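Listed below, chain by chain, are the residues.
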Amino acid sequence: MLTYKNKFGNHDLTLMAGFETINRQIRGMSGSARGSLNNPFGQIPNDSRFWYLNSDFIDTASKTVTTSGYNEKQVSYFTRMLYSYANKYMLNVSFRRDGSAYLSPGNRFDNFWSVGAAWEVTKEDFMKNLTAINYLKFKGSYGDLGNQYVAGGRYYGYPTYIEGGTGVFNGNIYPAYIPEFAVNKDLKWEHLKSYEFGLESMFLNRRLSLDANYYNKKTHGILDSDGNSYTYYLNTGSMEAKGFEFSLGWKDSVSDNFTYYINGNLTTTKTKVLSTYSEGYQKFSGPSIFTAGLPAGAFYGYVVDGVYQTKADILLSPSSTIGNPAPGDLKYKDIDGDGQITPADRTMIGNPTPDFTYGFSVGAEYKGVYLNADFYGVYGNEVFRNWGNGNSFAPSNYREERLDRWTGPGTSNWEPRSYSGNAYNRENSTYMIEDGSFFRIRNVQVGYNFNKNLISPLKLEGLKLYVNIQNLKTWDHVNGFTPEFGGSATQFGVNNSGYPNPRIVSFGLSANF
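All of these numbers come straight from a predicted model, not from anything done at the bench.

### As for the sheet that holds strand β23 (residues 347-350)
Here we have four strands laid out as an open sheet, ordered β16-β17-β18-β23, and antiparallel in their pairing. Where the open sheet ends on each side, the last strands, each with one partner, are β16 (283-285) and β23. Geometrically, the sheet is characterised by an average inter-axis angle of 50° between neighbouring strands, direction not taken into account. Pairing of strand β18 (residues 298-301) with β23 involves three bridges; the strand directions are antiparallel.

Rendered as structure tokens:
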């Protein structure tokens, strides 16, 4: 990488150019085998001398050997320019050309660039008399970033062969091999084109700070699988995420012994699938759907309109073509009004993207004793409960809510009967949708900073004693251990009853020499 810097008059210029290449080769081999109760030598001993695939204690029918490997090759050429005039007007321009072996041979190289500009208004002469405004900067940027990664780590132009089935010849079983994936000669880079603009400001002797931004991100050529299997990869479509970001802070010293601060932030987000690679294309990932016009990762299913109370209730309701409901089963709504319950009655039943996320922190210090606390919250998203919906209809091991299940006419109009022989109640529906909003006390720390006059004889620059608590308390509405769930660009917010965030209490002593 080469860098050039120069400052002439009010002009400050930095130029950079570079080259990078990555070549990774991954190879792996693994084998496994089990013992057998019918082995005349007995079970595999608890002795590493016999832990190999050709041991006499191994059941040869259970022995398997697998190999794996992939190549990852990338090359990049990049350049960047930083320019400022009188530290008031700033410009940042970058360009890069990237090549990746993850993509089709004819589409491995693409160009990406970005430009950003800022204007520090408070350095202008006309702002000198506005003493209440200590700092004001307007900024904006536009960029085009690239992504070449799809599920897995494979050399997409040339698939390897994997075992796809078996055949019998002369009484022996032989494996048949198929390509690991179908080649897509049109597979291209995924592009994230985004722009944002906003301001940074400080007022009242820098005690009050305010930042505000608007952002818009559009992802084109989303790299994903075809949705039916993981054997074909393509650029499935494009989607948009946009919103506002705000942060507000206040810090002050009441006296030489007491200081405090309050900071808060809020981010809004709205997502939408703009297009798919073909008109009417739909990709289902569990309860989520990827199709034009709906939010990213939208939950898709039936709207529950109560619980069937009697056989007469079933006869007087729209007939169902998706199963044979009985009294105590969920009643689905006829969305299209054709008098039947069909797959066409499925609709968006939830949005995993929150309307906004927010957080705030507070802190104070008095004569060395201090308190800091951090809070975080999410509002307006839905969560799909992916556990407790199947086996929970059996008469044991169910969620607490199932105690209020339907047991006869009039007993419940939401919790279905306890019966696992019918899959009718396990269709994706609003029965599985939960409010994903939550509020968490993320971190609290109380401590004491020793006076420098007390610790200077110990040749210490600073000494702090503290107690810290992470994840002190969370208020949420979901069944499970945590209201936060990850995923991918096309499926997220699915509650699989994952591992909870632990509450961690720690005590510490920090010393600076």
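Right, picking up where we left off after that structure.
### Focus: the pattern of salt bridges
Per the counting criterion, the structure on display carries 18 salt bridges. Across the salt bridge formed by Asp98 and Arg96, the nearest N and O atoms sit 2.8 Å from each other. Classification of Asp98 by relative accessible area gives buried; the value is 9%. With a closest N to O distance of 3.9 Å, Lys218 and Glu240 form a salt bridge.

### Re unusual backbone geometry
Positive phi values are uncommon outside glycine, yet Leu204 reaches one of about 50°. With respect to the secondary-structure elements, Leu204 resides in the loop between β9 (190-203) and β10 (208-220). Given a relative accessible area of 37%, Leu204 falls into the partly exposed group.

### Regarding the pairing of strand β26 (residues 382-385)
Direction of pairing for β26 relative to strand β27 (residues 433-435): antiparallel, over a ladder of three bridges. Of the residues in β27, the one forming a bridge with Val383 is Glu434. Strand direction decides the pairing type here: β26 and strand β30 (residues 494-495), joined by two bridges, are parallel. Of the residues in β30, the one forming a bridge with Arg385 is Asn495.

### Some details on a nonpolar patch on the surface
A contiguous nonpolar surface patch, about 650 Å² in accessible area, is contributed by Leu91, Val93, Phe95, Trp113, Val115, Tyr142, Tyr195 and Phe197. Every element with two or more residues in the nonpolar patch is listed here: β4 (89-100), β5 (109-120) and β9. With three residues, the top contributor of residues to the nonpolar patch is β4. Assessed through its relative accessible area of 47%, Phe197 is described here as partly exposed.

### Notes on the nonpolar core
Among the nonpolar cores identified, the biggest contains 17 residues, and Phe299, Leu330 and Tyr332 are the most heavily contacted of them. Elements with a minimum of two residues in this core: β19 (304-307) and β21 (330-332). Judged by nonpolar contacts, the second largest core, of eight residues, contains Phe181, Leu187, Trp189 and Tyr233.

### Section: the environment of Ile162
Secondary-structure assignment places Ile162 in strand β7 (residues 161-169). In sequence terms Ile162 and Gly35 are 127 residues apart; their C-alpha atoms lie 26 Å from each other. Setting aside anything within four residues of it in sequence, one finds Ile162 in contact with Ala176, Tyr177, Ile178 and Glu180.

Scoring rules and cut-offs
- Residues numbered from 1 in each chain as written.
- Predicted model: local features only at pLDDT ≥ 70, side-chain atom pairs only at ≥ 80, totals over all residues.
- Heavy atoms only, no water.
- Pairing = 2+ DSSP bridges.
- Helix = DSSP H or I, 4+ residues; strand = E, 2+ residues; numbered from the N terminus.
- Axes fitted to C-alpha atoms, helices over the stretch in contact; angles between N-to-C directions.
- Salt bridge = Lys/Arg side-chain N within 4 Å of Asp/Glu carboxyl O.
- Buried < 20%, exposed > 50% of the residue type's maximum accessible area, 1.4 Å probe, protein only.
- Patch = residues over 30% accessible without salt bridge, like charges linked within 9 Å, V, L, I, M, F, W, Y side chains within 5 Å.
- Areas by Shrake-Rupley, 256 points an atom, 1.4 Å probe, with all protein chains shown as cover.
- Core = buried A, V, L, I, M, F, W, Y, C linked by side-chain atoms within 4.5 Å.
- Contact = heavy atoms within 4.5 Å.

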